[in-house]
Amino acid sequence: MKSEVGTEMENEIEGPIAETEDRSARERILDAARKAFSQNGYYGTSIWQISNLCGLKQPSIYHHFDSKENLFRNALISSHKEMMDFINSRTGNGKDLAEDVIQVFNVFMEFHKDRRGALHLLGNLIYSAPDNLRDEYAELYGPEMTGVIERMFKKWDPENNQ
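Attention in this report is confined to the structure presented alongside it. Because the structure is predicted, anything quoted here is derived from the model rather than measured.

Here we look at the packing of aromatic side chains
- For the structure on display, the rule yields 6 aromatic pairs.
- On the basis of an interplanar angle of 85 degrees and a centroid distance of 5.3 Å, the ring pair of Tyr42 and Phe72 is categorised as edge-to-face. Residue Tyr42 is found in the loop between helix H1 (25-40) and helix H2 (47-54), and its partner Phe72 is found in helix H4 (residues 68-89); the two are separated by 30 residues along the sequence.
- Three or more aromatic residues joined by ring pairs form one cluster here, namely Phe37, Tyr42, Tyr43 and Phe72.
- In this structure, Lys68 packs its charged tip against the face of Tyr42, placed 4.6 Å from the ring centre.
- One Lys or Arg, Arg115, reaches over the ring of Phe86 and ends 4.9 Å from the middle of that ring.

Quick word on the layout of surface pockets
- The computed volume of the largest pocket comes to approximately 150 Å³.
- What lines the largest pocket is simply Asp31, Arg34, Lys35, Ser38, Gln39, Ser79, Glu82, Arg115, Gly117, Ala118 and Leu121.
- Here the lining of the largest pocket gets 5 residues from one element, more than from any other, and that element is H1.
- Here the residues of the lining of the largest pocket are counted per class, giving 2 nonpolar, 4 polar and 5 charged.

Focus on the packing of H1 against helix H6 (residues 116-128)
- Between H1 and H6, the shortest axis-to-axis distance is 8 Å and the interhelical angle comes to 60 degrees. Relative to H6, the element H1 lies oblique. The handedness of the crossing between H1 and H6 is left-handed. For the pair H1 and H6, contact is made by Arg34, Phe37, Ser38 and Gln39 and by Gly117, His120, Leu121 and Asn124, respectively.
- For the contact of H1 with H6, a count of residues per class yields 2 nonpolar, 5 polar and 1 charged.

Criteria and cut-off values
- Counting restarts for each chain: residues are numbered from 1 in the order of the written sequence.
- Given that the model is predicted, a residue must reach a pLDDT of at least 70 before its local features are reported, and side-chain atom pairs must reach 80 or more before they are shown or counted; all residues, however, enter totals for whole chains, interfaces and linings.
- Each side-chain value is derived from all of the structure's non-hydrogen atoms; neither hydrogens nor water enter the calculation.
- Aromatic pairs are defined between Phe, Tyr and Trp rings, using the six-membered ring for Trp, whenever the two ring centres lie within 6.5 Å; interplanar angles under 30 degrees are classed as stacked, those over 60 as edge-to-face, and all others as tilted.
- The helix and strand labels rest on DSSP assignments: H or I over at least four residues marks a helix, E over at least two residues marks a strand, and numbering proceeds from the N terminus.
- For a Lys NZ or an Arg CZ to count as sitting over a ring, it must be within 6 Å of the ring centre and within 35 degrees of the ring normal.
- Here a cavity denotes grid points, spaced 1 Å and computed from the protein atoms alone, that fit a 1.4 Å probe unable to get out, and a pocket denotes an open set having protein on both sides within 12 Å along at least 5 of 7 lines; residues with an atom within 4 Å of a point are the lining.
- Grid points are joined across faces, edges and corners, and a volume is the space filled by probe spheres set on the points.
- All amino acids are sorted into three groups, where Ala, Val, Leu, Ile, Met, Phe, Trp, Tyr, Cys and Pro are nonpolar, Asp, Glu, Lys and Arg are charged, and the leftover types, Gly among them, are polar.
- Angular values range over 0 to 180 degrees, each being the angle between N-to-C directions of two axes fitted as lines to C-alpha atoms, with helices fitted over their stretch in contact.
- Under this scheme an angle from 65 to 115 degrees is roughly perpendicular, one under 35 degrees roughly parallel, and one over 145 degrees roughly antiparallel; angles in between are oblique.
- Handedness of a helix crossing follows the sense of rotation of the near helix relative to the far helix, less than a right angle counterclockwise being left-handed and clockwise being right-handed.
- We call two residues contacting when some pair of their heavy atoms lies within 4.5 Å.

The following block contains the structure:
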């Protein structure tokens, strides 16, 4: 277990993550990680910064996530699941294919308008994360993202509805 020590010279991340009694330490860590990684990228973020944001000591973070890579992976996956749940719960009720496809894009934009960090996190995955994490995400979760549109085309395919 490798520890990362922060210095005063490192990028400061705006705003600590609010503590509430009903949020677990794991949730606080993930929220802080999503915020830090989305603002500074993978390589520009340290466990020390995340520790300061969530108000927990570095050993507590390593108790829940054995490495920075694993923390990034979990932050990305939780953001992805939140996004897909949001999109899937608000799409698929259009009156035709065009309306359904437009609805998917509008809901995607709505999600990211309210959660700008999620889109930055995805961007940082593409441009600043280790190749293995980018490839893993593309393989495991890329089909789910394109699948939303594919389902719309299937839904309106006359040959599929016979």
